[in-house]
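# Survey of secondary and tertiary structure
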Amino acid sequence: MCIDCGCNAGDAKIVGHSHDHDHDHAHSHDHEHHHENRLSPAHAHAPTINPARMVKIEQDILGKNNQYAQVNREYFRQHKIFTLNLVSSPGSGKTSLLTKTIELLKAELSISVIEGDQQTSNDAERIRATGVKAVQINTGKGCHLDAHGIGHAIETLAPEDNSLLFIENVGNLVCPSAFDLGEAHKVVILSVTEGEDKPLKYPDMFAAADIMLLNKIDLLPHVDFDVTQCIEYARRVNPRIKVLQVSARTGEGLALWLQWLKASHSVALIG
Amino acid sequence: MHEMSLCEGILDVLQQQAEQQQFVRVKTVWLEIGKLSSVEPDALRFGFDVVMKGSLAESATLEIIEVDGQAWCFACQQQIIIEHRYDGCPLCGAYQLQINDGEQMRIKELEVA
């Protein structure tokens, strides 16, 4: 049970929270509080047995997640926090790319990280080793982060105003595509050790992302990966996607990525 | 995999509506699922039965209305139907498409008592 909104967080848990904070920022959730007994016939308002009837609903199934995402987005806007949601399959080098990015940027920008994995705090520990704040969300059986969990992680993490917040999603190219977390952009990372047709195999994710980072390009001489074809596939499912070719290991291409991050962060400061 | 979460989202809406619209049982749920949404109808059906167990919608029937993916082709300036996100325009083969229908996941209607 979480204290602030009375929610039952289910399998998900936030790790890295060992003391009590005073949370004084206004991160409010609109929860409906259900009183089950009101649903039982004895307490129903109708005096007789209800006949079957039709009820028009017309509601988005992800409506609740989208509401939480809006609350997060508004929080980020008020505090001028530029937030990116990093998505990829497992093993694309997301965490390595993130630690490298932090090393290169931390002198200029305040950075914090929300790490999502089914189990372990290994990634949050890797991030903390760079000297920036990180919390770990373990989704348990869950295959993606959701906006409600991110709301709570923000309370724990308390990112600085005017900062850069990275959310490293669970390694999965399917489910995270459907869940808005309130981020400014989804950034999809694909490594050249994977198939170049992944944008076609997992089109929802590449359609949801604004940027594709093609990682591990230092390995191109050793693998059969057609960069041009891959970019063409990505643009088929998302004609607007920006593509940057990088290597977290050698640092190749990272200058452009950092330039994009700093420019986008500056735009976010304008509000 | 995320179909389970979607079913939990459906249950939330049902519970909320039960309070607002004064019903105690849900007999049928009609969903509108776009062919370009990231939903696998079979996985959704499986998740639905599991998640609704013990709730106001236990044993409810799930009816899924599939909606075609539609897009505007910038090359031939026509409204077209596509099966997958990676499809080109069936008329001219171009990939410069603006998807404008078939991404929805909506609860449309309920039969309640």
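In case you missed it, the structure is sitting above this.
Description of the structure in this document. (Residues numbered from 1 in each chain as written. Chains lettered and ligands numbered in written order. Predicted model: local features only at pLDDT ≥ 70, side-chain atom pairs only at ≥ 80, totals over all residues. Heavy atoms only, no water.)

## Things to note about the nonpolar core
One recurring pattern in soluble globular proteins: nonpolar side chains tend to sit buried together. Core analysis: the biggest nonpolar cluster contains 32 residues, and L14, V26, V29, L31, I107 and L110 of chain B have the highest contact counts within it. In terms of residues, this core owes the most to one element, helix 1 (residues 3-21) of chain B, which gives seven residues. With near-sequence residues (within four places) excluded, L31 of chain B lies in contact with I61 of chain A together with I10, L44, L62, E63, I64, I65, R106, I107 and K108 of chain B. Counting residues in hydrophobic clusters, the runner-up holds 28 residues, among them I111, I127, F166 and L254 of chain A. (Core = buried A, V, L, I, M, F, W, Y, C linked by side-chain atoms within 4.5 Å. Buried < 20%, exposed > 50% of the residue type's maximum accessible area, 1.4 Å probe, protein only. Helix = DSSP H or I, 4+ residues; strand = E, 2+ residues; numbered from the N terminus. Contact = heavy atoms within 4.5 Å.)

## Digging into helix 1 of chain B
A rise of 1.5 Å per residue sets the reference length of helix 1 of chain B, with its 19 residues, at 27 Å; its end C-alpha atoms lie 26 Å apart and thus fit the reference within 8%. Just beyond helix 1 of chain B, the residue with positive phi is Q22 of chain B, at close to 55°. (Expected span 1.5 Å × (residues − 1).)

## What about the state of the cysteines?
Under the defined criterion, the tally for this structure stands at zero disulfides over all chains. Free cysteine: C7 of chain B, not disulfide-bonded; nearest cysteine sulfur from C143 of chain A at 12 Å. Judged by its relative accessible area of 0%, C7 of chain B is buried. Cysteine C76 of chain B shares no disulfide, and the gap to the nearest cysteine sulfur, in C73 of chain B, comes to 3.6 Å. (Disulfide = S-S within 2.5 Å.)

## Observations concerning the pattern of salt bridges
A full pass over the atoms with the stated rule returns 19 salt bridges over all chains. Note that K201 of chain A and D197 of chain A form a salt bridge whose closest N and O atoms lie 3.6 Å from each other. For D197 of chain A, a relative accessible area of 27% translates into the label partly exposed. Salt-bridge contacts for K35 of chain B lead to D68 of chain B; the nearest nitrogen and oxygen are separated by 3.0 Å. A residue pair is termed long-range when its members are at least 10 positions apart, and K35 of chain B in the loop between strand 1 (26-34) and helix 2 (41-52) and D68 of chain B in the loop between strand 2 (61-67) and strand 3 (69-73) qualify at 33 residues. We classify K35 of chain B as partly exposed; its relative accessible area is 32%. For D68 of chain B, a relative accessible area of 29% gives the class partly exposed. Salt bridges linked by common partners bring E58 of chain A together with E32, R106 and K108 of chain B together as one network. (Salt bridge = Lys/Arg side-chain N within 4 Å of Asp/Glu carboxyl O.)

## Describing the sheet that holds strand 6 (residues 164-168) of chain A
All names here are of chain A. The eight strands are arranged 1-5-4-6-3-7-8-9 in an open sheet whose pairing can be described as mixed. Two strands close off the open sheet at either side, each with one partner strand: strand 1 (13-15) and strand 9 (242-245). Going from strand to strand, the sheet's axes swing by 20° on average, the running direction of each strand aside. One ladder, built from five bridges, connects strand 3 (residues 82-88) with strand 7 (residues 185-191); its direction is parallel. If you follow L86 over to strand 7, its bridge partner there is V187. Relative to the sheet, helix 4 (residues 147-157) contacts strand 1, strand 4 (111-117), strand 5 (133-138) and strand 6, its axis offset from that of strand 5 by approximately 145°. (Pairing = 2+ DSSP bridges. Axes fitted to C-alpha atoms, helices over the stretch in contact; angles between N-to-C directions.)

## Some thoughts on the pairing of strand 3 of chain B
Residue and element names in this part refer to chain B. Of the two faces of strand 3, only the one carrying G69, A71 and C73 is buried; Q70 and W72 on the other face are not. Relative to strand 4 (residues 78-82), strand 3 runs antiparallel, the two sharing five bridges. Each residue of the ladder has a partner; that of G69, found in strand 4, is I82. Counting the residues in the hairpin turn of strand 3 and strand 4 gives four residues, including Q77, whose phi is positive at 55°. Pairing geometry for strand 3 and strand 5 (residues 97-101), over four bridges, is antiparallel. Bridging from a neighbouring strand, Q70 pairs with D101 of strand 5.

## Notes on the sheet that holds strand 2 (residues 53-60) of chain A
Taken together, four strands build an open sheet; the order of strands is 2(A)-6(B)-1(B)-2(B) and the sheet is mixed. The open sheet has two edge strands with one neighbour each: strand 2 of chain A together with strand 2 of chain B. The mean angle between the axes of side-by-side strands here comes to 20°, regardless of whether they run parallel or antiparallel. Looking at chain direction, strand 2 of chain A and strand 6 (residues 105-112) of chain B are connected through six bridges and run antiparallel. In the strand pairing of strand 6 of chain B, M54 of chain A is matched with E111 of chain B. Helix-sheet contacts for helix 2 of chain B involve strand 1 and strand 2 of chain B, and the interaxial angle to strand 2 of chain B is about 160°.

## Overview of the interface of chain A and chain B
Contacts between the two partners involve 42 residues from chain A and, on the opposite side, 39 residues from chain B. When the two sides are added together, the surface that chain A and chain B hide from each other amounts to roughly 3,800 Å², 57% of it contributed by carbon and sulfur. Taken together, the links from chain A to chain B amount to five salt bridges. As a salt-bridge pair, E58 of chain A and R106 of chain B come within 3.4 Å of each other at their nearest N and O atoms. Across the contact surface, chain A and chain B share 14 residue pairs in polar contact (both at pLDDT 80 or more). Sorting the residues of the side of chain A that touches chain B by element identifies strand 2, helix 6 (203-208) and helix 7 (227-237) of chain A as the ones contributing at least two each. (Buried area = accessible area lost by both parts, 1.4 Å probe. Polar contact = N/O pair within 3.5 Å; in protein donor to acceptor, adjacent residues only side chain to side chain.)

## A look at the environment of T99 of chain A
Residue and element names in this part refer to chain A. Along the chain, the position of T99 falls in helix 2 (residues 94-105). Judged by its relative accessible area of 16%, T99 falls in the buried class. Taking C-alpha positions, T99 is 21 Å from T156, a pair spaced 57 residues apart along the chain. Aside from chain neighbours lying at most four places away, what touches T99 is R126, I127 and T130.

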